[in-house]
Amino acid sequence: MSISAYFRLVRAGYVLAREGALSVTEGQGIKGPAARAIKLARLIERRSVRKTGRVERLSKALQKLGPTYVKLGQMLATRPDIVGANVSGDLQGLQDQMPPFDQKLVPQILKSALGSAADRLDKVSDPIAAASIAQVHEAYIDGQKVAVKLLRPDIEERFYKDLASMRAAASLAERFVPKSRRLRPLDVIKTLERSAFLEMDLRLEAAAISEMNENISNDPGFEIPTVVWPQTSKEVMVTSWMDGIPIRDHAKIDAAGLDRKKIAKDLLQSFLRHAIRDGFFHADMHPGNLFVAPNDGTVRAVDFGIMGRIGPEEQKFLAEILYGFITRNYQRIAQLHFDIGYVPKDQSVDDFAQALRAIGEPLVGRSADEISMAKVLTQLMDVTELFNMQTRTELVMLQKNMVLVEGVARSLDPELNMWTTAEPIVSEWVKRKVGPEGIIKDAISTGNEFLLAAKKLPDLLNRYEKMLEDAEQQKQRTPFFMKRWFAVLSTILMVLVAAAALKTLLF
């Protein structure tokens, strides 16, 4: 790490202390040298900030530090295992809103990024939304309204510098605070870095929109824009315009005669389809990115800079975890954690199942508005700490989005039953992937090596026949012995191939 990275880290600490953000440590049970250091740092806290709430102090401090820290705050909102439940709750309200850059720079940015293709963009408006990495304008192409997204000038350089200081902090934590190693702070920063730099190439966001459009082409109740490729580059992305009622504006939704309960159900089920079925989902589904079609209540999503992706193993894990809680099969949930390697083999499956029962059973018989799927996943992470489970960074965005989606869905329908709403999507996937159809498909997929071996068998037999002919010519062994040896060997080979393929199909 460079010296400048540590200087920027010190500055970040100063800003956090000065703006009163360290007040979030109150009531967290911090003791010893850390508690004394925080108390000393708070001596430079501005008096004026003490009149504000701690959430406001934290939010203002992160906004002042800049876009990288806003992104970090949003990520830590999903990690109560690192910052504690109270701080995590405070950070969940952090919105990615920044002042727009100078409108006078827009024409030159468009010309530099698009060349002559920029000439087709007409009536480019002042920014209608400005976030940490980019801002959005209205415009027209051949009379059709479009959305134009522009990267902030020099944003990459700013992120590189801030991330260097964050890596320095994570390295210090892993070196001097042994308990932090289980949380893998360096991996958290790497996850933040990857998502941030994906956001800083708008061609990748455009590709994400294109991929998701293919995935949801036959899905009901959910819609996203389409990309205008000729006017899209690394610094500029143009998409179709998405009209709609902001999903947080319940009064307008009601005035349009739309069914809020159905909208909430469509939102939750769409997210689960994307995560469990596709392994590819919108990972920033806060209310500012969600709208409702005024004619039929279809959920419309925008801003695809942050996308989540999980592999087949994680998709299966997520589906079966949710299905396990729905069916109260705690032993199955526990075994899954061990099978996928999330919990070390030296732990007890039965003890882990008992801990999971402590999470699931209190939900039985409770009303729908008292049950939180996001809370269950958070409690699950807390329990796994007791069993030395390592943090899985690939699930960070998934957990974050579950919190966001559930919050929006419950605001629309406070009585939404998360479990009965999720059950059709989850059970369909489980039956398709874990039932007979899924077993056969997996067998075909994983059995390729055996099929290849079977295809090679004739060649092997030809080689053995040639060896037999050579042996007979040289009269080194009797023909009877060699024929029997060849027959036995051939039979063994065929039995092994058949047994291996059968095992794949059955198990």
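Computed from a predicted structure; not experimentally measured.

Undergrad: Account for the pairing of strand β2 (residues 134-141), with residues named and values stated.
TA: When strand β1 (residues 129-130) meets β2, the two strands line up antiparallel, connected through 2 bridges. Each bridged residue has a counterpart across the sheet, and for Ala129 the counterpart in β2 is Val136. Adjacent in sequence and paired antiparallel, β1 and β2 are bridged by 3 residues. Taken together, β2 and the strand that follows it, strand β3 (residues 144-151), pair antiparallel across an intervening segment of 2 residues, in which Asp142 is found at a positive phi of about 50°.

Undergrad: Hey, could you go over helix α7 (residues 106-114) for me, with residue numbers and the actual values?
TA: Regarding α7, the residues found buried are Val106, Ile109, Leu110 and Leu114. End-on, the buried residues of α7 take up no more than an arc of 100°, which puts them together on one face. Those residues of α7 that are exposed and aimed more than 90 degrees away from the buried face are Pro107, Gln108 and Ser112. For α7, the secondary structure elements touched by its buried residues are β2, β3 and β5 (236-240).

Undergrad: Help me get a handle on the packing of aromatic side chains, residues and values and all.
TA: What describes a pair of aromatic rings is the distance from one ring centre to the other and the angle between the planes of the rings. All chains considered together, the criterion is met by 2 aromatic pairs. Arranged with centres 5.8 Å apart and planes meeting at 90°, the rings of Phe271 and Phe281 form a pair that is edge-to-face. Note that Phe271 is positioned in helix α12 (residues 260-278) and Phe281 in strand β7 (residues 280-282), a separation of 10 residues in sequence. Phe281 shares its class with Phe271; the two are buried. An angle of 70° between the planes, with centres 6.1 Å apart, marks the rings of Phe338 and Phe352 as edge-to-face. In this pair, Phe338 sits in helix α14 (residues 330-339) while Phe352 sits in helix α15 (residues 349-360), placing the two residues 14 residues apart along the sequence. Taking the relative accessible area as the measure of exposure, Phe352 reaches 0% and is therefore buried. Over the aromatic face of Tyr140 sits the side chain of Lys123, whose NZ or CZ is 5.7 Å from the ring centroid.

Undergrad: Describe the nonpolar core, and please don't skip the residues or the numbers.
TA: If you look at soluble globular proteins, the nonpolar side chains tend to sit buried side by side. If you look at the biggest cluster of nonpolar residues, it comprises 96 residues, and the most contacted ones within it are Phe271 and Leu272. In terms of residue count, α12 provides more of this core than any other element does, 8 residues in total. Every residue in contact with Leu272, bar those within four places of it in the chain, is listed here: Arg277, Leu322, Met402, Ala422 and Ile425. Residues Ile109, Leu114, Ala117 and Leu121 belong to the second largest nonpolar core, which totals 15 residues.

Cut-offs and rules
- In this convention, every chain numbers its residues from 1, walking through the sequence in written order.
- With pLDDT at 70 or above as the cut-off, local features in this predicted model cover only qualifying residues; side-chain atom pairs require 80 or more to be listed or tallied, and sums for whole chains, interfaces and linings still use all residues.
- Based on all heavy atoms of the structure, the side-chain values leave hydrogens and waters out of the count.
- In this analysis, strands are considered paired if DSSP registers two or more bridges between them.
- Runs of H or I in DSSP of at least four residues are treated as helices and runs of E of at least two as strands, each being numbered from the N terminus.
- Buried residues are those whose accessible area, probed at 1.4 Å on protein chains only, stays under 20% of the maximum for their type, while exposed residues exceed 50% and partly exposed ones sit between those limits.
- Read the arc as the range of directions from the helix axis to the C-beta atoms.
- Contact between two residues is taken to exist if any of their heavy atoms lie within 4.5 Å; hydrogens are not considered.
- Any Phe, Tyr or Trp ring, taking Trp's six-membered ring, that has another such ring centre within 6.5 Å forms a pair; planes under 30 degrees apart are called stacked, those over 60 apart edge-to-face, and the others tilted.
- Criterion for a charge above a ring: Lys NZ or Arg CZ within 6 Å of the ring centre, and within 35 degrees of the ring normal.
- Buried residues of nine kinds, namely Ala, Val, Leu, Ile, Met, Phe, Trp, Tyr and Cys, make up a nonpolar core once their side-chain atoms join them within 4.5 Å.

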